[in-house]
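Per-entry structural report
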Amino acid sequence: QVQLVESGGGLVQAGGSLRLSCAASGRTFSSYAMAWFRQAPGKEREFVAGINWVGGSTYYADSVKGRFTISRDNAKNTVYLQMNSLKPDDTAVYYCAADLRFKYGSRWYLEGYDYWGQGTRVTVSS
């Protein structure tokens, strides 16, 4: 079994920054694709960013390109989401997800994921 635990959410003013963390445990992650999704109140869950554990290739939603950066620390089995220039529209619960399949292109947001974290709330005030 795999456990994903997110942390780092909170309240921040527009223009500010936050870094989310997703700590993974339960098995090795050398072949996983890791991603961040978010769900705003009254909206569907949407893909934010993804990273393949092997090779480290990344993929971003257009809405966060240039502002968010996804990265990983292999030694700590942890994935990060650095969020800069935050906007009120970024307010949401952010979820970490993991999948055994290597992902690219539209697979990041069209394919399912094997494991999900419990989410961490991010609120951006104007």
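1. A closer look at the nonpolar core
The biggest cluster of nonpolar side chains holds 38 residues, and the ones touching the most others in it are Leu 4, Met 34, Trp 36, Leu 81, Met 83 and Tyr 94. Contributing elements (two or more residues each) for this core: β3 (18-25), β4 (33-39), β5 (46-52), β7 (68-73), β8 (78-83), β9 (92-99) and β11 (120-125). Discounting residues that sit within four places of it in the chain, Tyr 94 has contacts with Glu 6, Leu 20, Trp 36, Phe 37, Arg 38, Val 48, Phe 68, Leu 81, Met 83, Gly 119, Thr 120 and Val 122.

2. Overview of the pairing of β7
Pairing analysis gives six bridges linking β7 to β8, with the strands arranged antiparallel. Each residue of the ladder has a partner; that of Thr 69, found in β8, is Gln 82.

3. A few points about the pattern of salt bridges
Taken as a whole and assessed by the stated rule, the structure comprises eight salt bridges. The salt bridge partner of Glu 46 is Arg 38, with a shortest N-O separation of 2.6 Å. For Lys 103, the salt bridge identified is with Glu 111, shortest N-O distance 2.8 Å. Taken together, the salt bridges that share partners define one network made up of Asp 99, Arg 101, Lys 103, Arg 107 and Glu 111.

4. Some details on the state of the cysteines
If you walk through the whole model with that rule in mind, you get one disulfide. Cys 22 shares a disulfide with Cys 96; S-S distance 2.0 Å. Its torsion about the S-S bond being -75°, the disulfide of Cys 22 and Cys 96 is classed as left-handed. Here Cys 96 lies in strand β9 and Cys 22 lies in strand β3, a separation of 74 residues in the sequence. By the burial criterion, Cys 22 is buried, and Cys 96 matches it.

What counts, and at which threshold
- Residues numbered from 1 in each chain as written.
- Predicted model: local features only at pLDDT ≥ 70, side-chain atom pairs only at ≥ 80, totals over all residues.
- Heavy atoms only, no water.
- Core = buried A, V, L, I, M, F, W, Y, C linked by side-chain atoms within 4.5 Å.
- Buried < 20%, exposed > 50% of the residue type's maximum accessible area, 1.4 Å probe, protein only.
- Helix = DSSP H or I, 4+ residues; strand = E, 2+ residues; numbered from the N terminus.
- Contact = heavy atoms within 4.5 Å.
- Pairing = 2+ DSSP bridges.
- Salt bridge = Lys/Arg side-chain N within 4 Å of Asp/Glu carboxyl O.
- Disulfide = S-S within 2.5 Å.

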